[in-house]
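As a plain string of letters, each chain reads:
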Amino acid sequence: MAPDVEQGYLVLADVSGYTGFLAGIELEHASGILGGLIQEMLDGLSPPFELSEVEGDAVFVHGPADVVDRGETLLEVIESTYARFRRRREVMAARTTCTCGACSRIDTLDLKFVTHFGDFAWQALAGRRAPVGSDVNLTHRLLKNGVEADTGWRGYALFTDSALTRLGVDAGSMHRRTESYEHLGDVSVASVDLDERFRSVPEAPLEPAESHWSATLDLPIAPAAVWEWLNDPAKRSRWVGERTVEVELPPGGRTGPGAVYHCYHGNGVVDHTIVEWRPFSSFSEEVRPRAGFRALLTWRLDTTGCGTRLRLDIGLSGPLPGAVRRRLCRVFAEREVRGDLARLEREILGEAA
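Given the structure is predicted, the values throughout are model-derived calculations rather than measurements. (Residues numbered from 1 in each chain as written. Predicted model: local features only at pLDDT ≥ 70, side-chain atom pairs only at ≥ 80, totals over all residues. Heavy atoms only, no water.)

Asks: Is there a simple way to explain the side chain of glutamate 179 in this structure?
Replies: Tracing the backbone through its elements, the reader meets glutamate 179 in strand E7 (residues 175–181). Of the polar contacts made by the side chain of glutamate 179, one reaches the backbone nitrogen of glycine 146; its length is 3.1 Å. When sequence neighbours within four positions are dropped, the list of residues in contact with glutamate 179 reads Leu142, Lys144, Asn145, Gly146, Val147, Gly185, Asp186, Val187 and Val189. (Helix = DSSP H or I, 4+ residues; strand = E, 2+ residues; numbered from the N terminus. Polar contact = N/O pair within 3.5 Å; in protein donor to acceptor, adjacent residues only side chain to side chain. Contact = heavy atoms within 4.5 Å.)

Rendered as structure tokens:
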């Protein structure tokens, strides 16, 4: 490979239905609507990706081969960006009192993504470097595909086989088809319905359980990067002490409620079962240290001006008075969890430096 050519991810997010949305309507209002939706797309994708260009009603971003360590994180970035788009669209539609063509047709807009992994060179465009090459062209050509005709989906994520292979993601439940393009040949792709994923994730987190102990870390990296430290088994194994972490996924092959982190130490194993899952915002894991007792660990991530504020709350339930459970939880957390959080902070700060 030539020294000026790199490999990485190429991601294109495109507003579906915008051409029809513009037909015969008030351009001033349409521009404002699109601007708000584009901002949600930018905020959702960057970081971890780097912006290449805003292309009218589309956002083109890229990232190096190691932009994510855990393949599911990239899918979650796309899904959370779609969720931001949908929530912003719904708020716009609900709050407007304008009866113009643009404002009355906000809910006709949707969002689709194309993700490819390939080679590209660099070109300076308007003071910003941008990837160029055949794989960049392919990414853009893939916007014209047969997914909607096959499935009826308007909001979806399409992945090339090269992207799925790099991510290590199981595409067994995805919609498969082959696209053909002049000069580029046949391209095998897989797609997932983002509307279905959006509707399956609760908009608000679960009501917090009683917290018997809490701790907060301010970390100089984005929530998506902190999320990887918490949920990538290899990274999690680096900060949970002398333990090894493996993940057992539920049917469907995605981390979420029902997934189990097996934490091995010495001759024993402790299972952490995911019971709540909102990527880059919060998740809760249940531990049952002994019969009749349940510890709930809830992680919350909030964006700050310079990174992420991470908060962990632990609550213990069981056949003991509340005051006793609180004391037991504090003793356990100070002995075991405090050290884990200190190692997590050191690992993140060391890598960031």
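Now that the structure has been shown, we can carry on.
Asks: Sorry, what's going on with unusual backbone geometry here?
Replies: Among all residues save glycine, negative phi is the norm, and among peptide bonds the norm is trans. Geometrically, the link from serine 46 to proline 47 is a cis peptide bond, its omega value of -5 degrees lying close to zero. Here proline 47 shows up in the loop between helix H2 (27–45) and strand E2 (50–55). Backbone torsion omega between proline 47 and proline 48 reads 10 degrees, so that peptide bond is classified as cis. Of note, proline 48 is situated in the loop between H2 and E2.

Asks: Looking at this model, I keep getting lost on the sheet that holds strand E12 (residues 268–278). Mind explaining?
Replies: Overall, antiparallel pairing links the seven strands, which are arranged E9-E15-E14-E13-E12-E11-E10 in an open sheet. Edge positions in the sheet fall to strand E9 (213–219) and strand E10 (244–248), since each has one partner strand and no second. When strand polarity is set aside, the average angle formed by the axes of neighbouring strands in this sheet is 20 degrees. Along the sheet, helix H9 (residues 223–231) contacts E9, strand E11 (260–265), E12, strand E13 (282–287), strand E14 (294–304) and strand E15 (307–317); its crossing angle with E14, the most-contacted strand, is approximately 155 degrees. Contacting E9, E14 and E15, helix H11 (residues 322–352) runs over the sheet at an angle of about 10 degrees to E9. (Pairing = 2+ DSSP bridges. Axes fitted to C-alpha atoms, helices over the stretch in contact; angles between N-to-C directions.)

Asks: What am I meant to see in the pattern of salt bridges here?
Replies: Pairing between side chains of opposite charge can happen when their charged atoms approach one another. Across all of its chains, the model carries 32 salt bridges by this definition. Across the salt bridge formed by arginine 84 and aspartate 43, the nearest N and O atoms sit 3.7 Å from each other. Of this pair, arginine 84 sits in helix H3 (residues 71–95) while aspartate 43 sits in helix H2, and the two are 41 residues apart along the sequence. What makes arginine 84 partly exposed here is its relative accessible area of 30%. Accessibility expressed as a relative area gives 38% for aspartate 43, which makes it partly exposed. In this structure, arginine 86 and aspartate 195 form a salt bridge, with 2.7 Å as the shortest nitrogen-oxygen distance. Taken together, the positions of arginine 86 in helix H3 and aspartate 195 in helix H8 (residues 194–200) put the pair 109 residues apart, joining distant regions of the chain. On the basis of relative accessible area, arginine 86 is assigned to the buried category, the value being 3%. A single salt-bridge network, built from bridges that share partners, covers Arg70, Glu72, Glu76, Glu79, Arg197 and Arg254. (Salt bridge = Lys/Arg side-chain N within 4 Å of Asp/Glu carboxyl O. Buried < 20%, exposed > 50% of the residue type's maximum accessible area, 1.4 Å probe, protein only.)

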